[in-house]
Amino acid sequence: IYKWYRSGLNRWHGLGSTADFQKIIQERCDNYPQQIWSYSRSRNCQEIKQAFMSAFISKDPCKATKEDYRRLIDLADPTVPCNKIVLWSKTKELAREYAKPRGLVTLEDTLLGSLADDLHWCGEPGSPDLNTWSCPDWKKDCRTNYLTVFWEVLSKRFAESACGTVQVVLDGSLENAFNEMSIFGRVEAPNLKPMVTLQAWLVHDPGKPPRDSCSGSSITKLKSILSERNVRFICRDNLSRDEFLGRF
Ligand code: APR
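Note that the coordinates shown come from a computational prediction; the quantities given were computed from them, not determined experimentally.

## Let's talk about the state of the cysteines
All told, the structure shown has five disulfides when counted by the stated rule. Bridging Cys-29 to Cys-45, the disulfide has an S-S length of 2.1 Å. Residues Cys-29 and Cys-45 are joined by a disulfide whose S-S torsion is about -85°; by sign, that bridge is left-handed. On the criterion of sequence distance, the pair formed by Cys-29 in helix H2 (residues 21–31) and Cys-45 in helix H3 (residues 45–56) is long-range, its members being 16 residues apart. Here the two residues Cys-29 and Cys-45 agree in accessibility, since each one is buried. For the protein, the bonded cysteines connect in the pattern 1-2, 3-7, 4-8, 5-6, 9-10 when numbered consecutively along the sequence.

Printed below as a string of structure tokens:
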């Protein structure tokens with residue numbers, strides 16, 4: 001019985017596809033505000049939705065490649081003005097709260113990032129449907145799953161496109177505010193262009209003491225990755241949430 005169970009739609013260890021995935025994508029696309037950095041070509045939500053679905057439907061959910069997403073990415077490649085990009089690691093809500101009133105842009109503000117934000121998706125070989133029972137988990141099943149590869153491809157393009165000063169919001173309450181295995185650590189930081197400046201903010205949670213600092217070993221590692229690429233680095237630590245958000 002266990003063997004049957006694990007060979008079926010329930011065999012993966014991650015959350016299954018979000019209910020109404022297609023409908024949510026369509027709605028988010030239709031309601032996406034038309035801003036200058038949103039997309040390069042004209043936005044065709046029907047086409048975008050189809051490109052998204054055909055990237056993973058009927059395919060082995062552990063064999064995602066960058067190429068699977070090429071058509072989708074090409075349909076909605078964002079162009080963000082210099083000095084406006086905000087990256088994050090373990091701090092999505094805080095980064096978004098910081099970015100919004102300042103007119104800054106996180107990946108989740110770009111069209112494709114906003115479509116996929118907080119959703120899960122995977123297919124099943126030989127089936128036209130999404131697997132709503134389970135999808136592969138990064139650690140327990142496979143790294144080359146469609147969710148991980150999507151965020152990697154999108155994040156790489158986003159980081160490569162950045163110019164001027166890029167900001168990153170890091171969690172200063174963690175022992176290692178910079179994590180080399182995170183998307184920021186393995187995909188974004190190593191793909192910033194030379195001459196870009198990275199401004200890091202180490203923000204600690206209310207009621208928690210700061211545990212990492214700009215002179216700690218994790219940030220030292222970040223500095224060395226950046227200096228190899230000629231990316232300048234500025235770091236501010238010991239910030240409370242309220243200080244960081246400008247509320248005193
Ligand atoms: N919604 C859901 N999942 C996401 C999102 C999102 N908007 N963005 C990334 N993910 C996935 C990725 O697989 C990522 O590894 O969730 C994980 C978030 O993990 P964290 O450790 O908090 O952050 P990190 O891995 O550093 O990724 C965040 O990558 O997506 C970009 O620009 C974004 O700078 C940000 C960084």
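Further notes follow.
## Observations regarding the layout of surface pockets
Roughly 1000 Å³ of internal volume is contained in the largest pocket. Taken together, 36 residues line the largest pocket, and the ones lying closest to its centre are Trp-88, Leu-147, Thr-148, Trp-151 and Ile-183. At the level of elements, strand E1 (14–15), strand E2 (86–89), helix H7 (146–161) and helix H8 (183–188) are the ones that each hand at least two residues to the lining of the largest pocket. At five residues, the largest contribution of residues to the lining of the largest pocket is made by H7. Of the residues belonging to the lining of the largest pocket, the class tally is 19 nonpolar, eight polar and nine charged.

## Quick notes on the side chain of Ser-173
Relative to the helices and strands, Ser-173 is located in the loop between strand E4 (165–171) and H8. A distance of 2.8 Å separates a polar side-chain atom of Ser-173 from the backbone nitrogen of Asp-205. With near-sequence residues (within four places) excluded, Ser-173 lies in contact with Val-203, His-204, Asp-205, Lys-208, Pro-209 and Arg-211.

## Let's talk about the nonpolar core
Judged by nonpolar contacts, the single largest core of 56 residues is most densely connected at Phe-52, Tyr-69, Trp-121 and Phe-150. When contributions to this core are tallied by element, the ones reaching two or more residues are H2, H3, helix H4 (70–75), helix H6 (111–116), H7, E4, strand E5 (197–204) and helix H9 (217–228). For this core, the element with the most residues is H7, which contributes eight residues. Once residues lying within four places of it in the same chain are set aside, the contact partners of Trp-121 are Ser-17, Phe-21, Phe-52, Phe-56, Tyr-69, Ala-116, Leu-130, Cys-135, Tyr-146, Leu-147, Phe-150 and Trp-151. Val-169, Trp-201, Val-203 and Leu-245 belong to the second-largest nonpolar core, a separate cluster that totals twelve residues.

## Structural notes on the site of the ligand
Around the ligand, 15 residues are found, and the nearest of them are Ser-89, Lys-90, Asp-117, Ile-183 and Glu-188. With respect to the ligand, the side chain of Asp-117 contributes an N or O atom lying 2.8 Å from a nitrogen atom. Taking Ser-155, its side chain carries an N or O atom lying 3.3 Å from an oxygen atom of the ligand. A total of 640 Å² of accessible area belongs to the ligand in isolation, and the protein chains cover 82% of it. For the ligand, the cavity whose grid points lie within 2 Å of the majority of its atoms is the largest pocket. Among the secondary structure elements, those contributing two or more residues to the shell around the ligand are E2, H7 and H8. Split into classes, the residues belonging to the shell around the ligand amount to six nonpolar, three polar and six charged.

The rules we used
Residues numbered from 1 in each chain as written. Predicted model: local features only at pLDDT ≥ 70, side-chain atom pairs only at ≥ 80, totals over all residues. Heavy atoms only, no water. Disulfide = S-S within 2.5 Å. Helix = DSSP H or I, 4+ residues; strand = E, 2+ residues; numbered from the N terminus. Buried < 20%, exposed > 50% of the residue type's maximum accessible area, 1.4 Å probe, protein only. 1 Å grid on protein atoms, 1.4 Å probe; cavity = no way out; pocket = protein on both sides within 12 Å on 5 of 7 lines; lining within 4 Å. Points joined across faces, edges and corners; volume = space filled by probe spheres on them. Nonpolar A, V, L, I, M, F, W, Y, C, P; charged D, E, K, R; others polar. Polar contact = N/O pair within 3.5 Å; in protein donor to acceptor, adjacent residues only side chain to side chain. Contact = heavy atoms within 4.5 Å. Core = buried A, V, L, I, M, F, W, Y, C linked by side-chain atoms within 4.5 Å. Near = heavy atom within 4 Å. Areas by Shrake-Rupley, 256 points an atom, 1.4 Å probe, with all protein chains shown as cover. Sits in = over half its atoms within 2 Å of the grid points.

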